[in-house]
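# Tertiary structure, described
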Amino acid sequence: MTPTITAFARSPDRGRGLARDLRVRWALEEVGQPYEVRLLSFSEMKESAHLKLNPFGQIPTYEESDLALFESGAIVFHIAERHAGLLPDDASARARAITWMFAALSTVEPPIVERGMAALVERNKTWYEERQPILEDRVRVRLGELSSRLGNADWLDGAFSAGDLLMVTVLRRLSGSGLLENYSNLSAYVARGEARPAYKRAFAAQLAVFTGI
């Protein structure tokens, strides 16, 4: 059965590939799994039909037969486990790749999202100018640690994996901030991810929703 995912009918990122359905699209493209997309307005995301799929009223969700999933990381993990290409066959390498999936979403992404949300909703608050440098320093700490670990390698642990897929999408949230550019190996790492044919197909499909092409 062809899986169906949900995505924004009108993405707040204006088609820049930051909405989290990109992660799921990319994973499906990497493994060669066709999929369908159901676009939702912001109001539809809060209606009971969607809340049955995601109790927090967010996207993406994933439906296949009688299985319904939410949370982009969990969906990517499911895809990686069901199809070859995103997780190594070797048990130890597989465990390390899964660890990087968790690291991307639980360790690297939170300070990046917190910084972004502060810039979005707190810019007019009296504390913003004092708080923003603190938030950026937290991001720099994580980027420095990740940069040291990556070194000159192409990917986080051998071949490209679901861990890299999630990490690249997390780091892309810093696009235009000037923060990532201070770490040349991380900038090159993101560029390698964006150069993958599966990523290009996923990005184009998401952008087409916004542009109407």
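This text follows the structure it describes.
Residues numbered from 1 in each chain as written. Predicted model: local features only at pLDDT ≥ 70, side-chain atom pairs only at ≥ 80, totals over all residues. Heavy atoms only, no water.

## Considering the overall build of the protein chain
To be explicit about the condition: A run of DSSP states H or I qualifies as a helix once it reaches four residues; a run of E qualifies as a strand once it reaches two. Both are numbered from the N-terminal end. The reference for a compact globule is 2.2 Å times residues^0.38; the radius of gyration itself is calculated from the C-alpha atoms. Per-residue accessibility, obtained with a 1.4 Å probe over protein chains only, is compared with the maximum for each type, and a residue is labelled buried under 20%, exposed over 50%, and partly exposed between these values. Contacts are residue-level and defined by heavy atoms, with any inter-residue pair within 4.5 Å sufficient. Only the protein chains shown count as covering a residue, and every accessible area follows the Shrake-Rupley method with a 1.4 Å probe. The positive count covers Lys and Arg only, the negative count covers Asp and Glu only, and His and the chain ends enter neither. Lysine's charge is taken at NZ, arginine's at CZ, aspartate's at CG and glutamate's at CD.
Looking only at helices and strands, the protein chain has eight helices and four strands in total. From first element to last, N terminus to C terminus, the protein chain shows the α and β order β-α-β-α-β-β-α-α-α-α-α-α. Whereas a compact globule of 213 residues would reach a radius of gyration of roughly 17 Å, the protein chain reaches 17 Å, a difference of no more than 12%. Dimensions along the principal axes, computed over C-alpha positions, put the protein chain at roughly 50 × 45 × 30 Å. Taking all 213 residues of the protein chain together, the buried fraction comes to 46%. When contacts within the protein chain are restricted to residue pairs at least 6 apart in sequence, long-range pairs at least 24 apart make up 67% of them. When the accessible surface of the protein chain is summed, it comes to about 10,900 Å², and 53% of that surface belongs to carbon and sulfur atoms. Across the protein chain, the 26 positively charged side chains and the 27 negatively charged ones have centroids separated by 3 Å.

## Comments concerning the packing of aromatic side chains
To keep things clear, this is the line we draw: Whether two aromatic rings pair depends on their centres lying within 6.5 Å, for rings of Phe, Tyr and Trp, where Trp uses its six-membered ring; planes under 30 degrees apart make the pair stacked, over 60 edge-to-face, and the rest tilted. Placement of a charge over a ring requires the Lys NZ or Arg CZ to be within 6 Å of the ring centre, with the centre-to-atom vector within 35 degrees of the ring normal.
Under the counting rule described, the total for this entry stands at seven aromatic pairs. Both rings, one in W155 and one in F160, keep their centres 5.0 Å apart while their planes meet at 75°; by these two values the pair is edge-to-face. In this structure, W155 and F160 share a single accessibility class: buried. In this structure, R192 is placed above the aromatic ring of W155, and the distance from its NZ or CZ to the ring centre is 5.9 Å. Positioned above the aromatic ring of F160, the side-chain terminus of R196 is 3.7 Å from the ring centre.

## What to know about the sheet that holds strand β1 (residues 4–8)
Selection rule: Between any two strands, at least two bridges found by DSSP are needed for them to pair. A fitted line through C-alpha atoms represents every axis, and for helices the fit uses only the stretch in contact; the resulting angles, taken between N-to-C directions, go from 0 to 180 degrees.
Strand order in this open sheet of four strands is β2-β1-β3-β4, and the pairing throughout is mixed. In this open sheet, the two strands that pair with only one neighbour each are β2 (36–40) and β4 (67–70). On average, each strand axis in the sheet is tilted by 25° relative to the strand beside it, whichever way the strands run. With five bridges connecting them, β1 and β2 associate as parallel partners. Residue pairing in the sheet places T4 in a bridge with E36 of β2. Lying on the sheet, helix α1 (residues 21–31) is in contact with β1, β2 and β3 (61–64); it crosses β1 at an angle near 145°.

## Remarks on the nonpolar core
The cut-off we apply is this: The term nonpolar core refers to a set of buried residues drawn from Ala, Val, Leu, Ile, Met, Phe, Trp, Tyr and Cys, joined through side-chain atoms within 4.5 Å.
Ranked by size, the top nonpolar core spans 48 residues in total, and within it L143, M167 and L171 carry the most contacts. Elements supplying a minimum of two residues to this core: α1, α3 (72–82), α4 (91–121), α5 (128–150), α6 (162–171), α7 (184–195) and α8 (197–211). A per-element tally of this core places α4 first, with eight residues. Leave out the neighbours within four places in its chain, and M167 touches W100, A103, A104, V108, L146, L156 and Y189. Within the second largest apolar cluster, five residues are counted, among which are F8, A19, L40 and M45.

## What about the side chain of E109?
Within the secondary structure, E109 sits in helix α4. For E109, the contacting residues outside a window of four places in its chain are R20, R23, A104, V170 and R173.

## What to know about the packing of α4 against α6
Two measures define how a pair of helices packs: the angle their axes make with one another and the distance between the axes. For clarity, the cut-off: The scheme is simple: roughly parallel for angles under 35 degrees, roughly antiparallel for over 145, roughly perpendicular for 65 to 115, oblique for anything else. Lys, Arg, Asp and Glu make up the charged group, whereas Ala, Val, Leu, Ile, Met, Phe, Trp, Tyr, Cys and Pro make up the nonpolar group; the residues left over, Gly among them, are polar.
Interaxial distance between α4 and α6 falls to 7 Å at its minimum, and their mutual angle equals 10°. Between α4 and α6, the interaxial angle falls into the category roughly parallel. Across the interface between the two elements, A97, W100, M101, A103, A104, L105, V108, E109 and I112 of α4 pack against A162, G163, L166, M167, V170 and L171 of α6. Residue classes in the contact of α4 with α6 are distributed as 13 nonpolar, one polar and one charged.

## What to know about a nonpolar patch on the surface
For the record, the criterion: Each patch groups residues whose relative accessible area exceeds 30% and which form no salt bridge, using 9 Å between like charges and 5 Å between nonpolar side chains of Val, Leu, Ile, Met, Phe, Trp and Tyr. Any Lys or Arg side-chain nitrogen found within 4 Å of a carboxyl oxygen on Asp or Glu counts as a salt bridge.
A surface patch of nonpolar side chains, amounting to about 310 Å² of accessible area, comprises M117, L120 and V121. By the element assignment, V121 lies in helix α4.

## Things to note about the packing of α1 against α6
Threshold: In this scheme the crossing of two helices becomes right-handed for a clockwise turn of the near helix relative to the far one and left-handed for an anticlockwise turn of less than a right angle.
The interhelical angle for the contact between α1 and α6, taken along N-to-C directions, is 145°, at an axis separation of 10 Å. The chirality of how α1 crosses α6 is right-handed. In contact with R23, W26, A27 and E30 of α1, α6 contributes L165, L166, V168, T169 and V170. Within the contact of α1 with α6, the residues separate by chemical class into six nonpolar, one polar and two charged.

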